[in-house]
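Breakdown of the fold
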Amino acid sequence: MSVASDLRVLRHMLLTRIQGQTHSERLESYYRGQASGYDDFRQRLLPGRKELYSAIPVPPIGRWIDMGGGTGSNLEHLGDRLSQLSEVYLVDLSTSLLNVARQRVVDRGWTNVRIREADVTTFAPPGGQVDVVTFSYSLTMIPDWFAAIEQAYRLLKPGGTIGVIDFYVSRKHPAEGQVRHRWLTRHFWPAWFATDNVFFNPDHLPYLKHRFACRHLREGRSKVPYVPLGRVPYYAFIGEKPA
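Rules used in this analysis
Residues numbered from 1 in each chain as written. Predicted model: local features only at pLDDT ≥ 70, side-chain atom pairs only at ≥ 80, totals over all residues. Heavy atoms only, no water. Helix = DSSP H or I, 4+ residues; strand = E, 2+ residues; numbered from the N terminus. Buried < 20%, exposed > 50% of the residue type's maximum accessible area, 1.4 Å probe, protein only. Contact = heavy atoms within 4.5 Å. Areas by Shrake-Rupley, 256 points an atom, 1.4 Å probe, with all protein chains shown as cover. pLDDT = per-residue confidence, 0-100. Arc of directions from axis to C-beta. Salt bridge = Lys/Arg side-chain N within 4 Å of Asp/Glu carboxyl O. Axes fitted to C-alpha atoms, helices over the stretch in contact; angles between N-to-C directions. Parallel < 35°, antiparallel > 145°, perpendicular 65-115°, else oblique. Left-handed = near helix turned anticlockwise from the far one by under 90°. Nonpolar A, V, L, I, M, F, W, Y, C, P; charged D, E, K, R; others polar. Phe/Tyr/Trp six-rings, centres within 6.5 Å; stacked < 30°, edge-to-face > 60°. Pairing = 2+ DSSP bridges. Core = buried A, V, L, I, M, F, W, Y, C linked by side-chain atoms within 4.5 Å. Patch = residues over 30% accessible without salt bridge, like charges linked within 9 Å, V, L, I, M, F, W, Y side chains within 5 Å.

**Some details on the overall build of the chain**
- A tally of helices and strands in the chain yields eight helices and seven strands.
- Taking all 243 residues of the chain together, 53% fall into the buried category.
- In the chain, the proportion of contacts linking residues at least 24 apart, taken out of those at least 6 apart, comes to 73%.
- Entry remark: accessible area of the chain is about 11700 Å², with carbon and sulfur atoms responsible for 54%.

**Structural notes on the confidence of the model for the chain**
- When pLDDT is averaged across the chain, the result is 87; 81% of the residues are at 70 or more.
- Considering each helix and strand of the chain separately, the mean pLDDT is smallest for helix α1 (residues 3-15), with a value of 50, and largest for strand β1 (residues 63-67), with 98.

**Some points on helix α8 (residues 204-211)**
- Inspection of α8 places His204, Leu205, Tyr207 and Leu208 among the buried residues, and these make up the whole buried set. The buried residues of α8 occupy one face: seen down the axis, they fall within an arc of 165 degrees.

**Here we look at the pattern of salt bridges**
- Taken as a whole and judged by the stated rule, the model has eight salt bridges.
- Note that Arg114 and Glu87 form a salt bridge whose closest N and O atoms lie 3.8 Å from each other. Here Arg114 is found in strand β3 (residues 113-117), whereas its partner Glu87 is found in strand β2 (residues 87-92), with 27 residues between them in sequence.
- The exposure class assigned to Glu87 is buried, which follows from its relative accessible area of 18%.
- Notably, a salt bridge pairs Arg211 with Glu150, separated by 2.7 Å at the nearest N-O pair. With Arg211 in helix α8 and Glu150 in helix α6 (residues 145-155), this pair connects stretches of sequence that are 61 residues apart.
- Overall, the relative accessible area of 24% leaves Arg211 in the partly exposed class.
- Taken together, the shared-partner salt bridges connect Arg63, Glu87 and Arg114 into one network.

**Looking at the packing of α6 against α8**
- For the pair α6 and α8, interaxial distance at closest approach is 11 Å and the crossing angle is 25 degrees. The angle between α6 and α8 falls in the class roughly parallel. In this structure, α6 crosses over α8, and the sense of that crossing is right-handed. Contacts from Trp145, Phe146, Ile149, Glu150 and Tyr153 in α6 reach His204, Tyr207, Leu208 and Arg211 in α8.
- Across the contact of α6 with α8, the residue classes break down as six nonpolar, one polar and two charged.

**Regarding the packing of aromatic side chains**
- The final tally for this structure, using the stated rule, is 15 aromatic pairs.
- Each ring, one from Tyr53 and one from Trp64, has its centre 6.0 Å from the other, and the planes form 20 degrees; the classification is stacked. Note that Tyr53 is positioned in helix α4 (residues 49-55) and Trp64 in strand β1, a separation of eleven residues in sequence. Comparing Tyr53 with Trp64 shows no difference in burial state: the two are buried.

**Things to note about the pairing of strand β7 (residues 227-240)**
- In the sheet, strand β5 (residues 156-167) pairs with β7 via seven bridges, with the strands oriented antiparallel. Among the inter-strand pairings, Phe167 is bridged to a residue of β7, identified as Tyr234.

**Some words on the nonpolar core**
- One finds Trp64, Leu78, Val113, Phe167 and Phe200 to be the most contacted residues of the largest nonpolar core, which totals 33 residues.
- At the level of secondary structure, the elements contributing two or more residues to this core comprise α4, β2, α5 (95-108), β3, β5, α7 (183-194) and β7.
- Residue contributions to this core peak at four residues, all from β7.
- Formed by 28 residues, the second largest nonpolar core is a distinct cluster that contains Ala118, Phe135, Tyr168 and Leu208.

**Side note on a nonpolar patch on the surface**
- Where nonpolar side chains cluster on the molecular surface, the patch consists of Trp183, Leu184, Phe188 and Trp192 and spans about 470 Å² of accessible area.
- By the element assignment, Trp192 lies in helix α7.
- When its relative accessible area of 38% is taken as the criterion, Trp192 is described as partly exposed.

**Section: the sheet that holds strand β6 (residues 213-224)**
- Overall, mixed pairing links the seven strands, which are arranged β3-β2-β1-β4-β5-β7-β6 in an open sheet. What marks the edges here is a single partner per strand, and that holds for β3 and β6. Strand-to-strand twist across the sheet, computed as the mean angle between neighbouring axes with direction ignored, equals 15 degrees.
- Against the sheet, α5 makes contact with β2 and β3, and its axis sits at roughly 165 degrees relative to β3, the strand it touches most.
- Lying on the sheet, α7 is in contact with β5, β6 and β7; it crosses β7 at an angle near 95 degrees.

Given below as structure tokens:
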């Protein structure tokens, strides 16, 4: 980590105009200038990933899809358990981030990791259904998030596991037992992040709980680098497809 690297990333995030006619073009426009410093900066902005990936059971000879997996840094959190999987598919639409992932795969010697530049709402690997599907801070960047969750549901075996961690804001009247955010939180953070095409949605978490049996849910707040009082809400969800 270096201040110079952070400043390059921040400059690109704040000053570069996102362009493109398609979702993939807009993603690449956003990430192209910050891919090299992506992991260091996001390590402090995107909390809870290690805890989530560590909590998801790894079935021996199982198959796993990381949707919107970017640079592949999420897979680092699996540690030695990664070698227990027969196949891991890392799916994303950003060429720049996937180039970082390809180099990581080579450097780590991950022979069971497959890189795919594809739309997560339609991607399906050969060989049928899989054991685990994860979304790490990617669901808020998928315009058709309903389709992404439904595709994950179709791809999972009965009893399979979905893991999602992302930013969010609560509904005005959330379900009993869930955090209720104040008016300023529910309006400020969605407006702030929407400039980078990151769309908070109060329906993400309720829909996940509706579609999958909830096995774990944690709601918290993340510090925002260089914003001293910034605390952005996030959740970590682990669910199971009904058998």
